[in-house]
Amino acid sequence: TRLGSDGVPIGLSGSAEFEESTFILAPRARLVLYSDGWWECKIADDINFNENMLAQVVGAMSKVPLSKLQMQLDLVLNRLIGSAAPKEDVSFFLLERGQHQEH
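Residues numbered from 1 in each chain as written. Predicted model: local features only at pLDDT ≥ 70, side-chain atom pairs only at ≥ 80, totals over all residues. Heavy atoms only, no water.

**Overview of the pattern of salt bridges**
Applied cut-off: Take a side-chain nitrogen of Lys or Arg and a carboxyl oxygen of Asp or Glu: if they are within 4 Å of each other, that pair is a salt bridge. Secondary structure elements are defined from DSSP: runs of H or I of at least 4 residues count as helices, runs of E of at least 2 residues count as strands, and each element is numbered from the N terminus. Each residue's exposure class comes from its accessible area (1.4 Å probe, protein chains only) as a fraction of the maximum for that residue type: buried when under 20%, exposed when over 50%, partly exposed otherwise.
The final tally for this structure, using the stated rule, is one salt bridge. For Arg30, the salt bridge goes to Glu96, with nearest N and O atoms at 2.8 Å. Placement of the pair is Arg30 in strand E1 (residues 30-34) and Glu96 in strand E4 (residues 92-96), with a sequence separation of 66 residues. In this structure Glu96 comes out as partly exposed when scored by relative accessible area, which is 26%.

Structural data, given as structure tokens:
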């Protein structure tokens with residue numbers, strides 16, 4: 001499930017206002033936050049990496065431990081930018097809700 005992605009990127013404007021949103025992650029659900037710098041990375045001369053490509057990587061790794069997803073995203077990022085410094089901030093944050101345990 002994708003959450004809303006419209007609006008001004010965080011940090012771009014000190015006067016921007018953001019809408020608060022509340023949601024509950026189901027057990028074992030994951031939250032992936034990422035910077036817009038991913039879209040500046042080129043996979044070919046005229047093709048930029050995009051949100052659908054990122055969703056495919058994350059979706060394909062939905063059953064593996066979060067640490068393996070992190071390693072895969074690092075690998076994708078390293079392939080995209082190579083040895084060059086990225087032009088933009090390229091970052092991601094991963095969170096997985098644990099299983100609920102009855103006491």
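**Quick word on the confidence of the model for the protein**
The test is simple: For every residue, the predictor reports its confidence as pLDDT, a number between 0 and 100.
On average, residues of the protein carry a pLDDT of 81, and 80% of them reach 70 or more. When pLDDT is averaged over each element of the protein, E4 comes out on top at 91 and strand E2 (residues 42-44) at the bottom at 72.

**Side note on the packing of aromatic side chains**
The cut-off we apply is this: Between the rings of Phe, Tyr and Trp (Trp by its six-membered ring), a pair exists once the centres lie within 6.5 Å; its type follows the angle of the planes, with under 30 degrees stacked, over 60 edge-to-face, and the other angles tilted.
Scanning the entire structure with this criterion turns up two aromatic pairs. Seen in terms of ring centroids, Trp38 and Phe49 are 5.6 Å apart; in terms of plane orientation they differ by 35 degrees. Their pairing is tilted. Taken as a pair, Trp38 in the loop between E1 and E2 and Phe49 in the loop between strand E3 (47-48) and helix H1 (51-60) lie far apart in primary sequence, eleven residues in all. You can call Trp38 buried: its relative accessible area is 0%.

**Points about the nonpolar core**
Applied cut-off: Nonpolar core, defined: a set of buried Ala, Val, Leu, Ile, Met, Phe, Trp, Tyr and Cys residues in which side-chain atoms within 4.5 Å join the residues together. Note on contacts: a residue pair qualifies if any of its non-hydrogen atoms lie within 4.5 Å across the two residues.
Counting residues in each nonpolar core, the largest one holds 14 residues, and the members touching the most others are Trp38, Cys41, Phe49, Leu69, Leu73, Val76 and Leu80. Among the secondary structure elements, those contributing two or more residues to this core are H1 and helix H2 (66-81). Every residue in contact with Leu80, bar those within four places of it in the chain, is listed here: Trp38, Cys41, Lys42, Ile43 and Phe49.

**Digging into H2**
Side chains three or four residues apart in an α-helix point the same way, a direct result of the helix having 3.6 residues per turn. The line we're drawing: The span expected for a helix works out to 1.5 Å for each residue beyond the first. The arc under discussion is defined with respect to the helix axis, by the directions toward the C-beta atoms.
With 16 residues, H2 ought to run about 22 Å at 1.5 Å a step, and its terminal C-alpha atoms sit 23 Å apart, in line with that. Along H2, the positions that sit buried rather than exposed are Leu69, Leu73, Val76, Leu77 and Leu80. An end-on view of H2 places all buried positions within 100 degrees of arc, on one side of the element. The exposed residues of H2 that point more than 90 degrees off its buried face are Met71 and Arg79. Directly beyond the C-terminal end of H2, a positive phi value near 60 degrees is found at Gly82.

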